Amino acid sequence: MQKMRAEILSWAQQYAEENGWVLNPDPVVLDAVIRGLVRNQMKKGERYCPCRIMTGEPEADTAIICPCRYHTDEIASDGHCHCNLFFDHS
Ligand code: SF4
């Protein structure tokens, strides 16, 4: 659990950096989202978004494996993804 948490956090940091984003600066919210991703990875076998409802249809649900299909549009329009994990710098 701790190991997977560290791995997912490290992946998210790297992914944010590669895209010129930052992770949520609020450590409580950040930890809640990371824990949600860990829980889904452990229980459902994929890093499903903790803030979206799964359809139960594996093909459709690939859209919400983090980083989900929607995050770049959300970050561009709202400044952050739906879960408040990735934030635009500006
Ligand atoms: S909304 Fe954010 S945390 Fe959720 S899957 Fe998309 S990128 Fe990941």
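Residues numbered from 1 in each chain as written. Predicted model: local features only at pLDDT ≥ 70, side-chain atom pairs only at ≥ 80, totals over all residues. Heavy atoms only, no water.

- An unreviewed UniProt entry lists the protein chain under the name ferredoxin:thioredoxin reductase, with Methanocalculus chunghsingensis given as the organism.
- For the record of the protein chain, the UniProt heading Cofactor (unreviewed entry) holds the text "[4Fe-4S] cluster".
- Taken directly from UniProt, the Catalytic activity (unreviewed entry) text for the protein chain runs: "[thioredoxin]-disulfide + 2 reduced [2Fe-2S]-[ferredoxin] + 2 H(+) = [thioredoxin]-dithiol + 2 oxidized [2Fe-2S]-[ferredoxin]". (UniProt positions renumbered as here; feature names shortened; annotations may be inferred.)

Side note on the pattern of salt bridges
Okay, so step 1: Throughout the structure, instances matching the rule amount to 4 salt bridges.
Okay, so step 2: Measuring nitrogen to oxygen at the nearest pair gives 3.2 Å for the salt bridge that ties glutamate 7 to lysine 3. Of this pair, glutamate 7 and lysine 3 both sit in helix α1 (residues 2-18), 4 residues apart, which is roughly one turn of that helix.
Okay, so step 3: What makes glutamate 7 partly exposed here is its relative accessible area of 43%.
Okay, so step 4: The partner of arginine 5 in a salt bridge is aspartate 31, with the nearest N and O atoms 2.9 Å apart. Remark: aspartate 31 occurs in helix α2 (residues 27-44) and arginine 5 occurs in helix α1; sequence separation between them is 26 residues.
Okay, so step 5: Through salt bridges that share partners, Arg5, Asp31 and Arg35 make up one connected network. (Salt bridge = Lys/Arg side-chain N within 4 Å of Asp/Glu carboxyl O. Helix = DSSP H or I, 4+ residues; strand = E, 2+ residues; numbered from the N terminus. Buried < 20%, exposed > 50% of the residue type's maximum accessible area, 1.4 Å probe, protein only.)

Quick word on the site of the ligand
Okay, so step 1: Residues in contact with the ligand, as listed here, are Cys49, Arg52, Cys66, Cys68, His71, Cys81, His82, Cys83, Leu85 and Phe86.
Okay, so step 2: Split into classes, the residues belonging to the shell around the ligand amount to 7 nonpolar, 2 polar and 1 charged. (Near = heavy atom within 4 Å. Nonpolar A, V, L, I, M, F, W, Y, C, P; charged D, E, K, R; others polar.)

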